[in-house]
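Commentary on secondary and tertiary structure
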Amino acid sequence: MTANVAVETTPEIPLWNDPSHPVSARVDALIGAMTLQEKIAQLYGVWVGASADGGEVAPHQHDMEEAVDLDDLLPSGLGQLTRPFGTAPVDPALGALSLLRTQTRITSANRFGIPAVAHEECLAGFAAWGATAYPVPLSWGATFDPDVIRRMAAAIGRDMRAVGVHQGLAPVLDVVRDARWGRVEETIGEDPYLVGTIGTAYVQGLESAGIVATLKHFVGYSASRAGRNLAPSSVGPRERADVLLPPFEMAIHEGGARSVMHAYTDIDGVPSAADETLLTGLLRDTWGFDGTVVADYFGIAFLKTLHGIAGDFADAAGAALKAGVDIELPTVKTFGAPLVEAVTEGRVPEDLIDRALRRVLTQKAELGLLDPDWSPVPPAFDGADLDDPDALRGTIDLDGPGNRELAREIAEKAVVLLSNDGTLPLARPRRIALVGPNATEPSAVLGCYSFPQHVGVKYPDIPVGIELPDLRESLTAEFPDAEITVVRGTGVDDGDLSGIAEAVDTARDADIVVVALGDRAGLFGRGTSGEGCDAESLALPGAQQQLLDALLDSGTPVVTVLLAGRPYALGRGAEESAAIVQSFFPGVAGTRAIAGVLSGRTNPSGRLPVSVPRTPGSQPTTYLGARLAQASEVSNIDPTPAFGFGHGLTYTTFAWSDLTVDAEEAPTDGEFTASLTVRNTGERAGTEVVQLYLHDPVASVVQPVQRLVGYARVDLKAGEERRVRVTVPADVASFTGRDGRRIVEPGALELRLAASSTNARLTTTVTLTGPAREVDHTRRFRAEFSVEN
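Residues numbered from 1 in each chain as written. Predicted model: local features only at pLDDT ≥ 70, side-chain atom pairs only at ≥ 80, totals over all residues. Heavy atoms only, no water.

Some remarks on the sheet that holds strand β12 (residues 431–435)
If you trace the six strands from one edge of the open sheet to the other, you get β11-β16-β15-β14-β12-β13, paired in mixed fashion. With partners counted over all chains shown, the strands left at the sheet margins are β11 (416–420) and β13 (483–487), one partner each. Mean inter-strand twist for the sheet, computed between neighbouring axes without regard to direction, equals 15°. Relative to β13, β12 runs parallel, the two being bridged by five bridges. For A433, the partnering residue across the bridge sits in β13 and is T485. Strand contacts of helix α20 (residues 544–552): β12, β14 (512–518) and β15 (558–564), with the helix running at about 170° to β14, the strand carrying the most contacts. (Pairing = 2+ DSSP bridges. Helix = DSSP H or I, 4+ residues; strand = E, 2+ residues; numbered from the N terminus. Axes fitted to C-alpha atoms, helices over the stretch in contact; angles between N-to-C directions. Contact = heavy atoms within 4.5 Å.)

Quick word on helix α22 (residues 590–599)
Taking burial as the measure, the ten residues of α22 include nine buried ones, the bulk of the element. Those residues of α22 that fall on the buried side of the exposure criterion are G590, T591, A593, I594, A595, G596, V597, L598 and S599. Contacts made by the buried residues of α22 are with α16 (401–414), α18 (471–478), β14, β15 and β16 (579–584). Once α22 ends, the next one or two residues include G600, with phi positive near 90°. (Buried < 20%, exposed > 50% of the residue type's maximum accessible area, 1.4 Å probe, protein only.)

A short note on the confidence of the model for the protein chain
Note: predicted coordinates in regions of low pLDDT should not be interpreted at a detailed level. Looking at the protein chain as a whole, the pLDDT averages 95, with 98% of positions reaching at least 70. Counting contacts from residues 1–10, a segment whose pLDDT is below 50, to residues more than four positions away or on other chains yields zero contacts. (pLDDT = per-residue confidence, 0-100.)

Some words on the side chain of S98
Relative to the helices and strands, S98 is located in helix α4 (residues 92–109). Once residues within four sequence positions are removed from consideration, S98 is found in contact with A50, S51, G54, G55, E56 and V57.

Quick word on the packing of helix α1 (residues 23–33) against helix α14 (residues 350–366)
α14 packs onto α1 with a crossing angle of 125° between their chain directions and a minimal axis gap of 9 Å. Judged on the interaxial angle alone, α14 and α1 are oblique. Note on packing geometry: the crossing formed by α1 with α14 is right-handed. The segment α1 lies against α14, with V23, V27, D28, L30 and I31 engaging D354, L357, R358, L361, T362 and A365. When grouped by side-chain class, the residues that make up the contact of α1 with α14 number seven nonpolar, one polar and three charged. (Parallel < 35°, antiparallel > 145°, perpendicular 65-115°, else oblique. Left-handed = near helix turned anticlockwise from the far one by under 90°. Nonpolar A, V, L, I, M, F, W, Y, C, P; charged D, E, K, R; others polar.)

A closer look at the sheet that holds strand β20 (residues 686–695)
Taken in spatial order, the five strands make up an open sheet running β18-β26-β25-β20-β21, and their pairing is mixed. Since the sheet does not close on itself, it has two edges, and those belong to β18 (665–667) and β21 (707–716), each with one partner. Ignoring strand direction, the axes of neighbouring strands in this sheet form an average angle of 30°. Pairing between β18 and strand β26 (residues 759–769): three bridges, direction parallel. If you follow A666 over to β26, its bridge partner there is L768.

Focus on the side chain of S618
Examined against the element boundaries, S618 turns out to sit in the loop between α22 and β17 (654–661). Here T615 takes part through its backbone oxygen, which lies 3.4 Å from a polar atom of the side chain of S618. Apart from the residues lying within four places of it in its own chain, the contact partners of S618 are P613, D638 and P639. (Polar contact = N/O pair within 3.5 Å; in protein donor to acceptor, adjacent residues only side chain to side chain.)

Quick look at the structure:
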């Protein structure tokens, strides 16, 4: 007799949920099963805020959007959730629970069970309450250290991934063209090679954690006229190709970025959001980018409301789709009912919907969001009791010791010592006068996209969520035996002169004056630096210059400390300060890093990512100027900076010697190898930053006098020397020729091994031979350094 055996059967898995099939086949099957409304629903986001008690997210209302009815939208599905953590102060664990419950609702409501991609800002750390606020990108540039930025981005990515976030809206790869622009703090610097190498490292770190990195703003946003936010950009095709585009090329080709955000800008009358030659012809067809293009917030609607190239929102949606935009952010406006109606009426081809949808669903499949075992439970909740929200509160730490150690390392490497007459490091001062508007302001270390400045200011009754020691606290800890007297003097931008006399009196009674000047980060006029906080000139805001001048007249040595989002002209202070310490919104560990430089506990190693102007009205200018951009006898305006790009001092000295080159000639598809010896001739360990600049004396089109093509940090003990070797491919000498093709031309080149753009130490001339050679986005971008042990 044969026993009856129960056989378990597994319900058939739809092709789109079956990971054993190629992603392309899964996506094609899913698209074929979708209605028009379901397709379009995957192409927009909804701006939400996590619930403070762990409940489902609530739609966020903004003055540029209409109310959103989730019950109406979700049956068709949803492409993205906009900033569930970055909209209101919420305990991270309860925010993660809120996102989990919302994803459950989303997958339950649509018939394919597709979750949304959750994206967040992560410009200077995960923009969530209680998360580490790292130094801003301008400080990343000041480190000249891609490795530490890669490690930081990986840490940020792990924190985001742990709570259920999939995509980060960073890095900013805009190259500074005018330091009056309010968003300079968000950039990495004024040189495309520095921006490209540091930005690519950030992308690699973020992507290594499984977070989709989003490059922004593509392209030309930073080249706006007069440094005004969201203003027209006057950019020629060669400036675009040789200055603005290379960081994006590098981050895609070397970094593997999976998303790009279009810029708000129009260039020569064509808005980026509607520029098919840019978003499809260049980005996809030429560079081979196969990720998603997302809209900058409200950027598609701006095609109608600001740019005036669309008659209604349906036309705007169609123009963006045709150009190559795949996802509308931050919320549904043009890709909703207007787009459905336009496709139904034949005004927008459904093929454009399918093209964008294929990219979106491919990315969701690669993120595992279409797999049958996908779970809304994020890694941070492994083993947690999700039915007890109160027990979850406080269980997720987004500002742990590892994060803060990274923030400290970056802050210390980013502090730039601009000048020093020997006053620093301070030798056990007895009386310190600490003066200035940023002396006792904890938020003086934060940029405008940090959570406390971006969102927290709207909730003054809620604690900031992270430890932010002000400069007074850090100096007190650094100099425990000193008497520190604090006087405000004036505000950041209030123009108040009434406290300057007291500041001078205090200075006269002190051994040393530390004056803390700079910016207050904010948004749209709430600060002196940040998005929408542009400057008319590069004079210090408010009455800060008057305060500095009065202190210089006190007779007591003045150490000028800057906590700022952009470089400022310092007037007399550039020459008369006993020392100048520059920091760019250095994050949670910033004031301790500054204090460490003042005491000598830390030997400064930061270098300027942007030039510091000598006069406040010489903008726009960068060190990348051609010969006509230099000082001359035919203009009364001298753009020569007070401190040039790449400049920075230390508390030791270095000697450079014995420059050799393996060959004086190489073909236009070849390379040169140069070597030099760097010796620490001082009495303490320190770091030299060896920078390589290229000077092309004769070219078929006008070239900058010099441009950075490589750099390396060299750590040396007192008395130690090392041999530094650099391989310089001919590709780094390429530029856009007269016919629009990128070429390497034959001819003589000067290689300048330098401590800064204004301090060449060793130079040599080499010659490229043979025919001009065309190169593309697969060219070699870097001069590769190695340091012998």
